[in-house]
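Below are the chains, spelled out letter by letter.
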Amino acid sequence: QEKLVESGGGLVQPGGSLRLSCVARGRIVAINTMSWFRQAPGKQRELVAAITSGESTNYLDSVKGRFTISRDNTKNTVYLQMNSLKPEDTALYYCNAEIKPLWRGLNNYWGQGTQVTVSS
């Protein structure tokens, strides 16, 4: 079964940095857009950053200049480098990818989430 596995979350102080990773596993033919979402308690899930197969990027306004999304297609991995972290960045971060698996059609897949907590 195809799946996304996130890692890199944790507790960090305001102003600190964290790097999230998400690896797509399974019989994968192609991966289109990969992205990061986040959801804080009591709030809707929001798109943080996205990157296309052509490496065009899109960011949530509040993270522009602080976060950088990138991908390594040879490793089927997407990263989110988070700098100058703020308490408002505290959330469960989810990886999402548009995947074409072997024998099956294109579909979106979600990771199970990795917790990022920014606090003193």
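Everything discussed here concerns the structure shown above.
Right, let's walk through the structure included here. What you are looking at is a predicted structure, and each value in this text was computed from that prediction instead of being measured.

So, the pairing of strand β11 (residues 114-118)
Taking every second residue as pointing to the same face, the buried face of β11 carries T114, V116 and V118, while none of Q115 and T117 on the other face is buried. Relative to β11, strand β2 (residues 10-12) runs parallel, the two sharing three bridges. Bridged to V12 within β11 is V118. Sheet topology places strand β9 (residues 91-101) next to β11; three bridges connect them, and they run antiparallel. Among the inter-strand pairings, Y93 is bridged to a residue of β11, identified as T114.

Digging into the sheet that holds strand β7 (residues 67-72)
On the basis of which strands lie adjacent, the open sheet formed by four strands has the order β1-β3-β8-β7 and antiparallel pairing. Where the open sheet ends on each side, the last strands, each with one partner, are β1 (3-7) and β7. On average, each strand axis in the sheet is inclined to that of its neighbour by 15°, with strand direction left out of account. Where β1 meets strand β3 (residues 18-25), five bridges bridge the pair, whose relative direction is antiparallel. By the bridge assignment for β3, L4 is matched with A24.

Considerations on the environment of W103
Looking at the element boundaries, W103 is found in the loop between β9 and β10 (107-110). Among the residues examined, W103 registers a relative accessible area of 75% and is labelled exposed. For the pair W103 and Q39, spaced 64 residues apart in sequence, the C-alpha to C-alpha distance is 32 Å.

Description of the side chain of D89
Structurally, D89 is set in the loop between β8 (77-82) and β9. In this structure the side chain of D89 is engaged in a polar contact, spanning 3.0 Å, whose partner is the side chain of R38. In terms of polar contacts, D89 uses its side chain to reach the side chain of R66, at 2.8 Å. Other than its neighbours up to four places away in sequence, D89 contacts R38, V63, R66, F67, S84, V116 and V118.

Reading the values: rules and limits
- Residues numbered from 1 in each chain as written.
- Predicted model: local features only at pLDDT ≥ 70, side-chain atom pairs only at ≥ 80, totals over all residues.
- Heavy atoms only, no water.
- Buried < 20%, exposed > 50% of the residue type's maximum accessible area, 1.4 Å probe, protein only.
- Helix = DSSP H or I, 4+ residues; strand = E, 2+ residues; numbered from the N terminus.
- Pairing = 2+ DSSP bridges.
- Axes fitted to C-alpha atoms, helices over the stretch in contact; angles between N-to-C directions.
- Polar contact = N/O pair within 3.5 Å; in protein donor to acceptor, adjacent residues only side chain to side chain.
- Contact = heavy atoms within 4.5 Å.

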